[in-house]
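Here are the chains, one letter per residue:
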Amino acid sequence: MKQISFLINTSVNTLSHVKLLLRSLKENLAGKEHEILIFVDSDNEGTVDYLREQKKDFFDLKIITHRLNPCVGYSRNNNLLVELAKHDIVSYLQSDMVISPKYDLEVLSDLEEDCILSATRIEPPLHGTSYRTITKDFGTDPNEFKWDEFQSYSTTVKENRTLEYFFAPFTFYKKVWMDLGGYDTLFRRSREDSDLLQRFLQAGVKIKQTFRANVYHFTCVSSRGKNWFDSSSQEAQSRVKIQEIADSVELRRFIRKWGRFNHGEEVITRFDMDLVWRGGSIEELTKIEFYFPRVWLPTQEIKDQLLNIYKGENAFANQLLKFTHPDWENAKKFYNQTDYDNIFCVGEPGKFNIKIEVDMTRDEKGSLLKDANLLLDNLTFLSNITNSLEPGIYELGCAEFHVIHKVNLATSQIIVENPPFDHSLLAIQ
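Computed from a predicted model, the values in this text were never measured in an experiment.

It is worth spelling out the overall build of the protein at this point. The secondary structure content of the protein amounts to 16 helices and 17 strands. Here the protein holds 429 residues, and 56% of them are scored as buried. If you sum the accessible surface of the protein, you get close to 18700 Å²; carbon and sulfur atoms cover 49% of it.

Written out as structure tokens, the structure is:
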């Protein structure tokens, strides 16, 4: 059997999930000489001490800790895990997952070299049903997990079929990940998977979900927190609301990078376009500006207003990750940041491929805002409308399109360059 490096990251309030995952790795892996790397990003339950005790039960279990306060974060610690993996094949598991029997054999049987392979999730009925997942309730609390029932059931639903889809858990050849740069550390709370998936699609990497291998997934523990589904818990629901705001920040970042959002439904064409803002309110401007690589503004005052609006966008991720202001000032050099100063320009573009001039004050009825919602907020405007336009000048509501060349910027986003990380901050046990 080929050896696999299993990659797991964990943080606060997840020790009971980690215990269950390790039990499944110990009992359900057919091979006993795989590498298991666990990145403990933060620890309030003695997780590191527990893992030290488990090392004797595994052939090659490594514990990774760090000295960056308070944590490294999901995108970066995943990248670090892949970098540190010693085997050519790596398999990522979230800490709130339980693998089914012979999981390693099953993923190896469907894995291809230029491919990223997702296993199928068995989940409790918290998100509704989907043809991509199997809905079956074996518990929402790892301490009350129905182990024997899961062991039996998970083998009966294995099928020799695949879909074209991507979500965790996933298995791949290390080179595939490293060639593209891994996760973009710009995304700190969500959308990092959708961004990586789009880059895989742009690069021609095969996307595959197998029903031969499956895991039980407690769902959203790492992003929304333990017991996020408990509507009676004020603490849990408060965290959920903050996460929703953080999600909205990440969605805007994704659209700013790709022009619109999808999760692998198709390869995105991202046209090189300049928005020239002729008039309207800041609120109206913020509804559409993030669809454009560059935004031209009439005054420095408007640019300063926009910069002021976005300067605090990391606050919600920082609150969830428990970064103080000094913590973030010390750590932010390790993460990609949006360069708003270069996105927002004062004046007019000297050269452009496509220019869209917008004057919200031209129509007293505000028809452009409705047009903007129809054309921009439906996330298909830039490819469906602009792709059909020949060179020339067109009007739509209060927008004027100047088309010279159609240049696709999406291919320039395939490989991400993250700031270098200081590996001296890491410790491996």
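Okay, helix H4 (residues 103-110) next. Extensive coverage of H4 is indicated by the burial of six of its eight residues. For H4, the full list of buried residues reads Tyr-103, Asp-104, Glu-106, Val-107, Leu-108 and Asp-110.

Take the packing of helix H1 (residues 15-28) against helix H2 (residues 47-54) next. Packing of H1 against H2 leaves a shortest axis separation of 11 Å and a crossing angle of 15°. In this view, H1 runs roughly parallel relative to H2, as classed from their interaxial angle. In terms of crossing hand, the pair formed by H1 and H2 is right-handed. When H1 is examined against H2, the residues Leu-15, Val-18, Lys-19 and Leu-22 are found in contact with a partner set consisting of Thr-47, Tyr-50, Leu-51 and Gln-54. Residue composition of the contact of H1 with H2, by class: five nonpolar, two polar and one charged.

A word on the side chain of Glu-313. Residue placement: Glu-313 occurs in the loop between helix H11 (300-310) and helix H12 (315-321). For Glu-313, the side chain forms a polar contact with the side chain of Tyr-340, separated by 2.8 Å. For Glu-313, the residues in contact, after removing those within four places along its chain, are Val-249, Arg-253, Thr-338 and Tyr-340.

Now for the nonpolar core. Membership of the largest hydrophobic core comes to 71 residues, with the highest contact counts inside it found for Leu-25, Leu-93, Tyr-103 and Phe-170. Phe-290, Tyr-291, Leu-306 and Phe-344 belong to the second largest nonpolar core, which has 26 residues in total.

What counts, and at which threshold
- Residues numbered from 1 in each chain as written.
- Predicted model: local features only at pLDDT ≥ 70, side-chain atom pairs only at ≥ 80, totals over all residues.
- Heavy atoms only, no water.
- Helix = DSSP H or I, 4+ residues; strand = E, 2+ residues; numbered from the N terminus.
- Buried < 20%, exposed > 50% of the residue type's maximum accessible area, 1.4 Å probe, protein only.
- Areas by Shrake-Rupley, 256 points an atom, 1.4 Å probe, with all protein chains shown as cover.
- Axes fitted to C-alpha atoms, helices over the stretch in contact; angles between N-to-C directions.
- Parallel < 35°, antiparallel > 145°, perpendicular 65-115°, else oblique.
- Left-handed = near helix turned anticlockwise from the far one by under 90°.
- Contact = heavy atoms within 4.5 Å.
- Nonpolar A, V, L, I, M, F, W, Y, C, P; charged D, E, K, R; others polar.
- Polar contact = N/O pair within 3.5 Å; in protein donor to acceptor, adjacent residues only side chain to side chain.
- Core = buried A, V, L, I, M, F, W, Y, C linked by side-chain atoms within 4.5 Å.

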